[in-house]
Amino acid sequence: MKLKLASSYGFCFGVKRAITIAESYTNSATMGPLIHNQNEITRLKDDYNIGLYNKLDDVQDKDTVIIRTHGIPKNDLKELKQKDAKVINATCPFVTTPQQIVKKMSTENYSIVIFGDETHPEVKGVKSYGDDVHVVLEPEEFEKIIFKHEKIATVAQTTKKKEKYLEIVNFLILKYKEVRVFNTICDATFENQAAARELSKEVDVMIVIGGKNSSNTKQLHDICVENCEDSYLIENHNELDFSWFSKKEICGITAGASTPDWIIQQVIDEIQKI
Ligand code: SF4
């Protein structure tokens, strides 16, 4: 089996940074999963005794608590700071940016539109920084929305597609006199996507490695399926099914922005045995 790696894949700047921060605080805990990759979270637990809190009530006095890469809602951060805990902020700076934009634009009486997934932790965090904030994925959703202000400011979830964001922006510009558009989409995701798109056109089977709850990994998989229907999303080498490679010659590999190199290497080693 011939293997080809995407020209850009795997850990992004924000995830590398969060892991480096976490590794310098042994015996601490993260507020929510630090990144969207269970294997890496297990490694941090095993090697550094970094635990995981899912709710604020779990935090004890004197704990060291690390804020996840995707950030947390403003009030949660405030409450955490009020506890007698040491708070370490590992929020990716590219996520802090839309939080700050939403805060500033809200104080300037703009209604806010976030293009993103309402249930995603990053979006929940960004939303918490404004007053009149509406989260949409499709332009049709504006039919049900009544804005409090006449001026609109818009940001996007960092992992969203730019083309789709343009549809949202187009809709707003046609309807409102003042629309401030902030391009908060992260290029790290975009580079991995462009590389996956190119590679998936050249191969017979494509393996996408990453967390199944990771939005950017799912998007990579969607892009690959468009060009190579035999594209599979796996979290680690144990999920490989050798029947996928039957009668195939070239296998492409890419990985989501939260996937560590050691997991990618294990997958490569396993496929090379074929
Ligand atoms: S994908 Fe971009 S925004 Fe998200 S953590 Fe990585 S660098 Fe930060």
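Structural data are supplied above this passage.
For every chain, the first residue of the written sequence is number 1, and numbering continues from 1 along that sequence. It should be noted that, the model being predicted, local features are given only for residues of pLDDT at least 70 and side-chain atom pairs only at 80 or more, the latter also being counted only at that level, while totals for whole chains, interfaces and linings use all residues. Each side-chain value is derived from all of the structure's non-hydrogen atoms; neither hydrogens nor water enter the calculation.

Asker: Explain the packing of aromatic side chains to me, using residue names and the numbers behind them.
Answerer: Pairs were defined over the aromatic rings of Phe, Tyr and Trp, the Trp ring being its six-membered one, requiring ring centres within 6.5 Å. Orientation was assigned from the angle between planes: stacked under 30 degrees, edge-to-face over 60, tilted for the rest. Taken as a whole and assessed by the stated rule, the structure comprises 7 aromatic pairs. Residues Phe142 and Phe147 carry aromatic rings whose centres are separated by 6.2 Å and whose planes lie at 45 degrees to one another, so their mutual orientation is tilted. Like Phe142, the residue Phe147 is buried in the burial classification. A centroid spacing of 4.0 Å and a plane angle of 5 degrees characterise the contact between Tyr232 and Trp244, whose relative ring orientation is stacked. Highlighted residues: Tyr232 in strand S11 (residues 231–234) and Trp244 in the loop between S11 and strand S12 (250–255), separated in sequence by 12 residues. Put simply, the rings of Phe142, Phe147, Phe171 and Tyr176 pair up and form one aromatic cluster. We call a charge positioned above a ring when the Lys NZ or Arg CZ atom is no farther than 6 Å from the ring centre and deviates by at most 35 degrees from the ring normal. In this structure, Lys162 is placed above the aromatic ring of Phe190, and the distance from its NZ or CZ to the ring centre is 4.4 Å. Only protein chains enter the area calculation, which uses a 1.4 Å probe; residues under 20% of their type maximum are buried, those over 50% are exposed, and those in between are partly exposed. Runs of H or I in DSSP of at least four residues are treated as helices and runs of E of at least two as strands, each being numbered from the N terminus.

Asker: I'd love a proper account of the sheet that holds strand S7 (residues 133–136), names of residues and values included.
Answerer: Sheet architecture is open: 4 strands sit in the order S7-S6-S8-S9, paired in parallel fashion. One side of each edge strand has no neighbouring strand; the edge strands of this open sheet are S7 and strand S9 (178–181). Taken pair by pair, the neighbouring strands of this sheet meet at an average axis angle of 25 degrees, ignoring direction. In this scheme, strands are said to pair when DSSP sees at least two bridges between them. Alignment of strand S8 (residues 151–156) against S9, held across 4 bridges, turns out to be parallel. The partner of Thr154 across the bridge, within S9, is Val181. Working rule for contacts: check all heavy atoms of both residues, and any pair within 4.5 Å makes them a contact. Axes here mean lines fitted to C-alpha atoms, for a helix over just the part in contact, with angles spanning 0 to 180 degrees between N-to-C directions. Its contacts with the sheet place helix H4 (residues 93–107) against strand S6 (110–115), S7, S8 and S9, and it is angled at close to 155 degrees to S6. On top of the sheet, helix H6 (residues 162–175) reaches S6, S7, S8 and S9; it is set at about 180 degrees to S8, its chief contact.

Asker: Hey, could you go over the site of the ligand for me, with residue numbers and the actual values?
Answerer: Definition of nearness: a residue and a molecule or strand are near each other if at least one heavy atom of the residue lies within 4 Å of the molecule or strand. Near the ligand you find Cys12, Gly14, Thr69, Cys92, Phe94, Thr158, Cys186 and Thr189, and these make up its full shell. Within the shell around the ligand, the residues separate by chemical class into 4 nonpolar, 4 polar and no charged. Under the scheme applied, nonpolar residues are Ala, Val, Leu, Ile, Met, Phe, Trp, Tyr, Cys and Pro; charged residues are Asp, Glu, Lys and Arg; polar residues are all the others, including Gly.

Asker: Tell me about the nonpolar core, residues and numbers included.
Answerer: Here is a general trend for soluble globular proteins: nonpolar side chains tend to be buried in one another's company. Take the buried Ala, Val, Leu, Ile, Met, Phe, Trp, Tyr and Cys residues and link them wherever side-chain atoms come within 4.5 Å; each set so joined is a nonpolar core. Core analysis: the largest hydrophobic core is formed by 25 residues, its most contacted members being Met31, Leu80, Ile112 and Ile114. Those elements giving two or more residues to this core turn out to be strand S2 (29–31), strand S4 (64–67), helix H3 (74–82), H4, S6, helix H5 (121–127), S7 and S8. Residues in contact with Ile114, not counting those within four places in the same chain, are Val123, Val126, Lys127, Val133, His134, Val135, Val136 and Val155.

Asker: Give me the lowdown on the sheet that holds strand S3 (residues 51–53), citing residues and values where you can.
Answerer: Across the sheet, 4 strands lie side by side as S3-S2-S4-S5; this open sheet has parallel pairing. Both edges of this open sheet fall to S3 and strand S5 (86–89), since each of them pairs with a single strand only. Within this sheet the neighbouring strands show an average axis-to-axis angle of 30 degrees, counted without direction. Sheet topology places S2 next to S4; 3 bridges connect them, and they run parallel. Of the residues in S4, the one forming a bridge with Thr30 is Ile66.

It is worth stressing that arrangement in space is one thing and function is another; only the former is reported here.
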